[in-house]
Amino acid sequence: MLKILRTAEGKKFLIAATIVFLIAATTIGIATFQGVVDEYNMPMQQWPLSLFIMQGLWVFIYTLIFTVIGSLPFGFYFLGPKDEQS
């Protein structure tokens, strides 16, 4: 697998997966943290450390899941079999 990722197509896939990760982390992070502030009317200055840790873990878990799901089409496109028609 590492051999495939070291090719030009593999590097393009890794760049696409990184972009998907950053988009997912930003979107989910904003939604999660702002959701707690809005729902409980509790500014972040009043949050205990455990709430930051818990919300951060949820953001991380959901970001990983959405990254895997969002990267599947790029994996098929960049790493899938090439249909060479001459």
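Fair warning: this is a prediction, and the values are worked out from it, not measured in the lab.

**Some thoughts on helix α3 (residues 49-79)**
Here is step 1 of the chain: Between its terminal C-alpha atoms α3 stretches 42 Å, which fits the 45 Å expected from 31 residues at 1.5 Å a residue.
Here is step 2 of the chain: At L72, α3 shows its maximal bend, which comes to roughly 35°, and the proline P73 appears one to four places after that position.
Here is step 3 of the chain: Residues of α3 that are buried include every one of L51, Q55, V59, T63, T67, S71, G75 and F78, and no others.

**What about the pattern of salt bridges?**
Here is step 1 of the chain: Within the structure shown, the criterion is met by 1 salt bridge.
Here is step 2 of the chain: Between K12 and E9 there is a salt bridge, with the nearest N and O atoms lying 3.6 Å from each other. Linking K12 with E9, this pair stays in helix α2 (residues 8-40), spanning 3 residues, or about one helical turn.
Here is step 3 of the chain: With a relative accessible area of 42%, K12 lands in the partly exposed category.

**Looking at the confidence of the model for the protein**
Here is step 1 of the chain: For the protein, the mean per-residue pLDDT works out to 92, and 98% of the residues sit at or above 70.
Here is step 2 of the chain: In the model of the protein, helix α1 (residues 2-5) stands out as the element of lowest mean pLDDT, 81, in contrast to α3, which has the highest, 95.

**Considering the nonpolar core**
The nonpolar side chains of a soluble globular protein tend to be buried, and buried together.
Here is step 1 of the chain: Core analysis: the biggest nonpolar cluster contains 7 residues, these being A24, I28, F33, V36, W47, L51 and V59.
Here is step 2 of the chain: Those elements giving two or more residues to this core turn out to be α2 and α3.
Here is step 3 of the chain: No other element matches the 4 residues that α2 contributes to this core.
Here is step 4 of the chain: With sequence-adjacent residues up to four places away left out, V36 is seen in contact with N41, W47, L51 and Q55.

What counts, and where the lines are drawn
- Residues numbered from 1 in each chain as written.
- Predicted model: local features only at pLDDT ≥ 70, side-chain atom pairs only at ≥ 80, totals over all residues.
- Heavy atoms only, no water.
- Helix = DSSP H or I, 4+ residues; strand = E, 2+ residues; numbered from the N terminus.
- Expected span 1.5 Å × (residues − 1).
- Bend = angle between axes of the 7 residues up to and from the residue.
- Buried < 20%, exposed > 50% of the residue type's maximum accessible area, 1.4 Å probe, protein only.
- Salt bridge = Lys/Arg side-chain N within 4 Å of Asp/Glu carboxyl O.
- pLDDT = per-residue confidence, 0-100.
- Core = buried A, V, L, I, M, F, W, Y, C linked by side-chain atoms within 4.5 Å.
- Contact = heavy atoms within 4.5 Å.

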